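Architecture at a glance
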Amino acid sequence: KYAGGAGERPPLNQKNRTEEKKRERLGRFLSPQVTARIIATSESQGMALGVPEVKDVSVLFSDIVGFTTMSEKMSPAAVSLLLNDYFSRMTDIIFKYEGTLDKYIGDAIMAVFGAPLDMPDHSVRAIKAALEMRDQLEAFNAERKEGPTIRIRIGINSGKAVAGEIGSVNKKEYTVLGDAVNTTQRIGSAACLEQVLVSDAVWDSLGGRPVRSS
């Protein structure tokens, strides 16, 4: 039996359960590699992930062009299968570049690079992810034997944003808020078919360097 006093470590099985719950929660919006680093950091430094803080980030917003009209001609089951496959592929790419999945909004994806962990090259990672998402979409369309061809547009913006767990007492989600986020959605909506449109802030951060997907 465990009869620890103040300052003593919790039993190993309790620690494992706590870590597993934390890993499960983080795994909804972070890659396994980033999740492992956050858990290791929180163990050694007492890092509080959910506390809102101002971060320097790049936000990526992508949506499927004309999806509402397209989905009206499909069965609910077909729409669900299509989106599940599409979201899975796109999220894997976001995780590859250590981005954070902020949320799915209908047929749209919002991701952030530079939070919760600092990321000096967040704008480059966001662009690489966007280019690979566009390339992966070609493979996705080529593999599908039936149904409409999917086309996307992507917007990216960099700036300061409040990042942390936001929500009600019973349910909170990790997200980013601020003008930088709102601007990203407007940029994404203004992008042309198959285009990756970036803000001046993103362009300036590159310093003339070309960016290609890995």
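As a reminder, the structure under discussion sits directly above these lines.
Now for a look at the structure at hand. (Residues numbered from 1 in each chain as written. Predicted model: local features only at pLDDT ≥ 70, side-chain atom pairs only at ≥ 80, totals over all residues. Heavy atoms only, no water.)

We now examine the overall build of the protein chain. Along the backbone of the protein chain there are seven helices and six strands. Secondary structure elements of the protein chain occur, N-terminal to C-terminal, as α-α-β-α-α-β-β-α-β-β-α-β-α. Here the protein chain holds 214 residues, and the buried ones make up 43% of them. Accessible surface, the protein chain: about 11900 Å² in total, of which carbon and sulfur atoms supply 52%. (Helix = DSSP H or I, 4+ residues; strand = E, 2+ residues; numbered from the N terminus. Buried < 20%, exposed > 50% of the residue type's maximum accessible area, 1.4 Å probe, protein only. Areas by Shrake-Rupley, 256 points an atom, 1.4 Å probe, with all protein chains shown as cover.)

Once that is clear, we can look at the nonpolar core. With 56 residues, the main nonpolar core has Ile64, Tyr86, Phe113, Ile150, Ile154, Ile156 and Val176 as its most contacted residues. Setting aside residues up to four positions removed in sequence, Ile150 forms contacts with Ile64, Met70, Leu82, Leu137, Phe140, Asn141, Arg144 and Glu194. (Core = buried A, V, L, I, M, F, W, Y, C linked by side-chain atoms within 4.5 Å. Contact = heavy atoms within 4.5 Å.)

Let's shift gears to the packing of aromatic side chains. Applying the stated rule across the entire model yields three aromatic pairs. Taken together, a centroid distance of 5.7 Å and an interplanar angle of 50 degrees make the contact between Tyr86 and Phe87 tilted. Given the relative accessible area of 1%, Tyr86 is considered buried. Geometrically, the ring pair formed by Phe87 and Tyr104 is stacked, given 4.2 Å between the ring centres and 20 degrees between the ring planes. Of this pair, Phe87 sits in helix α4 (residues 76-96) while Tyr104 is found in strand β2 (residues 100-105), placing the two residues 17 residues apart along the sequence. Ring pairing ties together the aromatic residues Tyr86, Phe87, Tyr104 and Phe140, which thus form one cluster. (Phe/Tyr/Trp six-rings, centres within 6.5 Å; stacked < 30°, edge-to-face > 60°.)

This brings us to the pairing of β2. Relative to strand β3 (residues 108-113), β2 runs antiparallel, the two being bridged by five bridges. Across the sheet, residue Ile105 finds its bridge partner in β3, namely Ala108. In textbook terms, the turn of a hairpin is the stretch between consecutive antiparallel strands, and for β2 and β3 this stretch comprises two residues, one of which, Gly106, has a positive phi near 65 degrees. (Pairing = 2+ DSSP bridges.)

Looking now at the pattern of salt bridges. Applying the stated criterion across every chain yields a total of nine salt bridges. Residue Arg125 is joined to Glu98 by a salt bridge in which the shortest nitrogen-to-oxygen separation is 3.6 Å. Of this pair, Arg125 sits in helix α5 (residues 122-143) while Glu98 is found in the loop between α4 and β2, placing the two residues 27 residues apart along the sequence. The partly exposed category is assigned to Arg125, whose relative accessible area is 22%. The network of salt bridges with shared partners includes Asp85, Arg89 and Glu143. (Salt bridge = Lys/Arg side-chain N within 4 Å of Asp/Glu carboxyl O.)

On the surface, Val54, Val162, Ile166 and Leu177 cluster together to form a nonpolar patch covering roughly 310 Å² of accessible area. Mapping Val54 onto the fold places it in strand β1 (residues 53-64). With relative accessibility at 58%, the residue Val54 sits in the exposed group. (Patch = residues over 30% accessible without salt bridge, like charges linked within 9 Å, V, L, I, M, F, W, Y side chains within 5 Å.)

Let's shift gears to α4. For α4, built from 21 residues, the straight-helix expectation of 30 Å at 1.5 Å per residue is met to within 8% by its first-to-last C-alpha distance of 30 Å. For α4, the complete set of buried residues consists of Val79, Leu82, Leu83, Tyr86, Phe87, Arg89, Met90, Thr91, Ile93, Ile94 and Phe95. Downstream of α4 by one or two residues, Glu98 has phi in the positive range, about 60 degrees. (Expected span 1.5 Å × (residues − 1).)

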